[in-house]
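# What the coordinates show
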Amino acid sequence: MTNIIFGPPGTGKTWTLLEEVENFIKQGVDPSKIGFFTFSKNATQEVHDRMYSKFQLTKKELPHFRTLHSLGFTQLGYSREKVMKDAHYKEIGKTCGIELTYAIWDEDNGGVFSSDSPFLSLIELAKARNITTEQQFNLDEHNQDLDITTLKRLEKEILNYKRDRGTVDWNDMINEFVKSKLCPKLKVAFIDEAQDLSIMQWKVVEKIRDNCEILYIAGDDDQCIYKWRGADVTSFLNFPGDRRTLQQSYRVPKKIFDVANKIISRIPNNKRVKKNWMPTEDEGSVDYHYDLEEIDISKGKWLILARDRWKLDEYEAYFKDNNIYFERKGFEDRYKEKYKSIDLWENKLKKGEPLTFEECHTIKKKMTNESWENKMFKAMVKDGFYDINTLKNKYGLKTEAPWQSAFTRMGESDTKKITELLNRGEDLKNGARIKLSTVHGVKGNERDNVVLSLSLTKTTFESYEKNPDDEHRTMYTGVTRSKKSLHIIYPNKRGYDL
C-alpha cells in the first residue's frame, strides 16, 4: 500500500509523517522495521531528536532513519575511503587539462554534486537523470560553450580512474543498490521532501516500496525547485498510490496566500496537482517596492531572498555600508561563533553552572596566560565538569572580569563590534534577525517578514522565457516563506513578471 501526501507550504508534511511513525511505534512495530528517509542530514537529525525525546530511541535502534542517498552506502558496506572526493576530481581534471576549484558531493543535502567545472556538472547531472552524457549535452541546458570532445574525454578518464582505484561516487552507489538484493525488509517506510528526488533516487524509492508493506511519500510538486540539479517532478506526479492533500497551512496568511495562488496557477493543470488548501486566520500584508532602502527592517526577523547570488551581493554591500547586522546563507557568521564563548562565560560559568572541558577550552582560547594559566589548565580531565570556584582554586583561572576585559585574545575590533551589537539588542546567540539567502538555499525555512527580489540574470531570464514553470515554482516557494509580511521588490531591468 502506498500513501502519497501532498503538503502545500506550512501544512506540516514532516509533522504528519512523524505522527504516523509514532502511531506505528505505539502499536508495537519494531523501530528497526521502520524506515524514515529524508533528503538532508539536518532533517535526519531532527527526526532522531524527536524519536529520542518521545521514545528514548537512539540512532542504533533506528538503523533505517537516514538520508535516502546514504541507504545504498550503508547497505552495500562501503567505506569513506572508496568514495570519490574533491582531490580525485582535481587530479582527473589536471590530466585532462581542465581547471577546477572544487568538486564536492554534498552529503548534507541529498548527496548532490556541485563543481565549478561545467563539464563535471553536466556528467553528474546526466547520471542523476539516468540518461547518457551526450543526451544531456544535446538538451542544451548548459550556459557555457562546451566542447563535446573534451566532455567525452573527461567522462572516459573518470571511468578509468574509478576502475583503477576502486572508487565510486554517490550515483554509482544508487545504481548498484537498485540492482542489488540488499534493500532492508520493512514493515513501513516514509519518504520526506519527495519533490526534490532525482530519477535515480526515485528508483531507490521503488526498491523500498517493493520491500515494505506500507509506504508513505510526502512532498509538494509546486515546490520542486531543484530541477537544475536533477530533481524530477514528473516521477513524483506519476508515482502510483492513494493521494490526499493537507489542507490547512499554519504559516501562510490570507494576502500572501492570494499572491502564491496567482503565481502557481500559471502552471498548467496537466503539469501539477491542483490542491485545495487554506491560509491562516491572519490577513498578513503584501507591499511592493523598487528598492530595498524603501523597507523599514529596523525591527523584527527578516528573510531577504533573491533568485540569484549577484542580487544578494548587492544587498550584502548595502547592509555593510549601513552597519546593519545580518547573516548570509552559506557564509560563517563570525560574531555568532565568537559569542559562544561570551555566553558560556557570562551566562553560565559566572552564574554557577558547571561546564565541560570542551566548553572551558572554548573560553580559554579567548584568554591569555595572565587570565588563565596554561600549565594548570592542561591538568584538567577531559571528561570532567568544572564550576568557576574549582577552576580558580585548582586549574589556574585568575579572573572573573567582564568578558571585554577577560577575553584579551578576542581582539579590539571584534570586542568593540560585539559590544555594539549587544547594546543594540541583537541576538548573537541565535543569530542575526536578518538573513540573506537565495530562494533555493532557504527551502523549508520561514520568517515573520520576507523580502523577495524579482530580478533575474540574463541567463535565468532566458530560461524563464523558454520554460516559465520552473520560475513559477521558485517564486511560489519564496513567497510562501512569510508568516506575516511580504515585501516584493520589482526588477531594475529583466525579471519575473508578477
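Here, the structure is the one placed above.
Owing to the predicted nature of the structure, the values given are computational and were not obtained by experimental measurement.

### Structural notes on the nonpolar core
Counting 84 residues, the largest nonpolar core has Leu-154, Ile-191, Val-205, Ile-208, Leu-215, Ile-217 and Leu-486 as its most contacted members. Here this core takes 6 residues from helix α11 (residues 254-264), the largest share from any one element. With sequence-adjacent residues up to four places away left out, Leu-486 is seen in contact with Ile-256, Val-259, Ser-285, Val-286, Asp-287, Val-450, Leu-452 and Val-479. Listed in part, the 28 residues of the second largest apolar core include Leu-349, Leu-355, Met-410 and Ile-418.

### Notes on the sheet that holds strand β3 (residues 65-67)
The 6 strands are arranged β3-β2-β6-β7-β1-β8 in an open sheet whose pairing can be described as parallel. Edge positions in the open sheet fall to β3 and β8 (242-245), since each of these has one partner strand only. Neighbour-to-neighbour, the strand axes of the sheet open up by a mean angle of 15 degrees, direction not taken into account. Bridging between strand β2 (residues 34-38) and β3 involves 3 bridges; their strand directions are parallel. Looking at the pairing, Phe-36 lines up with Phe-65 of β3. In the packing of helix α2 (residues 41-55) onto the sheet, the strands contacted are β2 and β3, and the crossing angle to β3 comes to about 170 degrees.

### As for the pairing of strand β4 (residues 103-106)
Burial along β4 is one-sided: Ala-103 and Trp-105 are buried, and none of Ile-104 and Asp-106, which face the opposite way, are. Pairing of β4 with strand β5 (residues 112-115) involves 4 bridges; the strand directions are antiparallel. Across the sheet, residue Ala-103 finds its bridge partner in β5, namely Ser-115.

### Quick look at the packing of aromatic side chains
In this structure the tally under the stated criterion is 20 aromatic pairs. Ring centres of Tyr-318 and Phe-319 lie 5.6 Å apart, and the angle between their planes is 55 degrees; on these two criteria the pair is classed as tilted. For Phe-319, a relative accessible area of 0% gives the class buried. Their ring planes at 35 degrees and their centres at 5.3 Å tell us that Tyr-464 and Tyr-496 sit as a pair that is tilted. With a gap of 32 residues between them, Tyr-464 in helix α19 (residues 458-466) and Tyr-496 in the segment after β16 (482-489) connect regions that are remote in the sequence. Of the two residues examined, Tyr-464 and Tyr-496, each falls in the buried class. Here the aromatic residues Phe-24, Phe-36, Phe-65, Phe-190 and Tyr-216 are joined through ring pairs into a cluster of three or more. Across the ring face of Phe-377, the terminal group of Lys-364 is positioned such that the distance to the ring centre comes to 5.9 Å.

### Side note on the packing of helix α13 (residues 334-348) against helix α18 (residues 412-423)
At a minimum axis separation of 11 Å, α13 and α18 run at an interaxial angle of 90 degrees. Relative to α18, the element α13 is oriented roughly perpendicular. Between α13 and α18, the residues in contact are Arg-334, Tyr-335, Lys-338, Tyr-339 and Ile-342 and Asp-414, Lys-417, Ile-418, Leu-421 and Leu-422, respectively. Of the residues belonging to the contact of α13 with α18, the class tally is 6 nonpolar, no polar and 4 charged.

### Side note on the state of the cysteines
In total, this model carries 0 disulfides according to the counting rule given. Take Cys-183: it sits in no disulfide, and the sulfur closest to it among the cysteines is that of Cys-212, at 7.9 Å. Overall, Cys-183 belongs to the buried group, its relative accessible area being 6%.

### Some remarks on the pairing of strand β7 (residues 212-219)
Within a regular strand, the side chains alternate between the two sheet faces. Of all the 8 residues making up β7, 7 are buried; the element is thus mostly covered by neighbouring parts of the structure. The pairing of strand β1 (residues 2-6) with β7 spans 5 bridges and is parallel. By the bridge assignment for β7, Ile-5 is matched with Ala-218. Pairing geometry for strand β6 (residues 186-191) and β7, over 5 bridges, is parallel.

### Focus: helix α3 (residues 68-76)
With 7 of its 9 residues buried, α3 lies for the most part within the structure. Of the residues making up α3, those classed as buried are Leu-68, His-69, Ser-70, Leu-71, Gly-72, Phe-73 and Leu-76. Next to the buried residues of α3 lie β2, β3, α8 (170-179), β6 and α9 (199-209). Immediately downstream of α3, the backbone of Gly-77 shows phi near 75 degrees, a positive value.

### Observations concerning unusual backbone geometry
One non-glycine residue with positive phi stands out, namely Gln-56, at about 55 degrees. Its location among the elements puts Gln-56 in the loop between α2 and β3. One non-glycine residue, Asn-130, lies in the positive phi region at around 65 degrees.

### Focus on the packing of α8 against α9
One way to put it is that α8 packs onto α9 with a least axis distance of 9 Å and a crossing angle of 30 degrees. Relative to α9, α8 is oriented roughly parallel. Two packed elements cross with a definite hand, and for α8 against α9 that hand is left-handed. In contact with Ile-174, Asn-175, Phe-177, Val-178 and Lys-179 of α8, α9 contributes Met-200, Gln-201, Lys-203, Val-204 and Lys-207. Its residues assigned to classes, the contact of α8 with α9 comprises 5 nonpolar, 2 polar and 3 charged.

Basis of the calculations
Per chain, residues are indexed from 1 in the order of the written sequence. Given that the model is predicted, a residue must reach a pLDDT of at least 70 before its local features are reported, and side-chain atom pairs must reach 80 or more before they are shown or counted; all residues, however, enter totals for whole chains, interfaces and linings. Side-chain numbers here rest on the full set of heavy atoms in the structure, without hydrogens or water. Residue types Ala, Val, Leu, Ile, Met, Phe, Trp, Tyr and Cys, when buried and joined through side-chain atoms within 4.5 Å, form a set referred to as a nonpolar core. Exposure categories follow from relative accessible area, calculated using a 1.4 Å probe and restricted to protein chains: below 20% of the type maximum is buried, above 50% is exposed, and the middle band is partly exposed. The helix and strand labels rest on DSSP assignments: H or I over at least four residues marks a helix, E over at least two residues marks a strand, and numbering proceeds from the N terminus. By the convention used here, residues are in contact when the closest approach between their heavy atoms is within 4.5 Å. When DSSP finds two or more bridges between a pair of strands, those strands are recorded as paired. Angles shown run from 0 to 180 degrees and are taken between the N-to-C directions of axes, each axis being a line fitted to C-alpha atoms and, for helices, limited to the stretch in contact. For this analysis, a ring pair means two rings from Phe, Tyr or Trp (six-membered ring only for Trp) whose centres lie within 6.5 Å, classed as stacked if their planes differ by under 30 degrees, edge-to-face if by over 60, and tilted for the remaining angles. The rule is short: NZ of Lys or CZ of Arg within 6 Å of the ring centre and within 35 degrees of the ring normal puts a charge over the ring. Any angle that is under 35 degrees is reported as roughly parallel, and any over 145 degrees as roughly antiparallel; angles of 65 to 115 degrees are reported as roughly perpendicular and all others as oblique. Nonpolar residues are Ala, Val, Leu, Ile, Met, Phe, Trp, Tyr, Cys and Pro. Charged residues are Asp, Glu, Lys and Arg, and all others, Gly as well, are polar. Cysteine sulfurs are considered disulfide-paired once they come within 2.5 Å of each other. For any helix crossing, the convention is left-handed if the near helix is rotated counterclockwise from the far helix by under a right angle, and right-handed if that rotation is clockwise.

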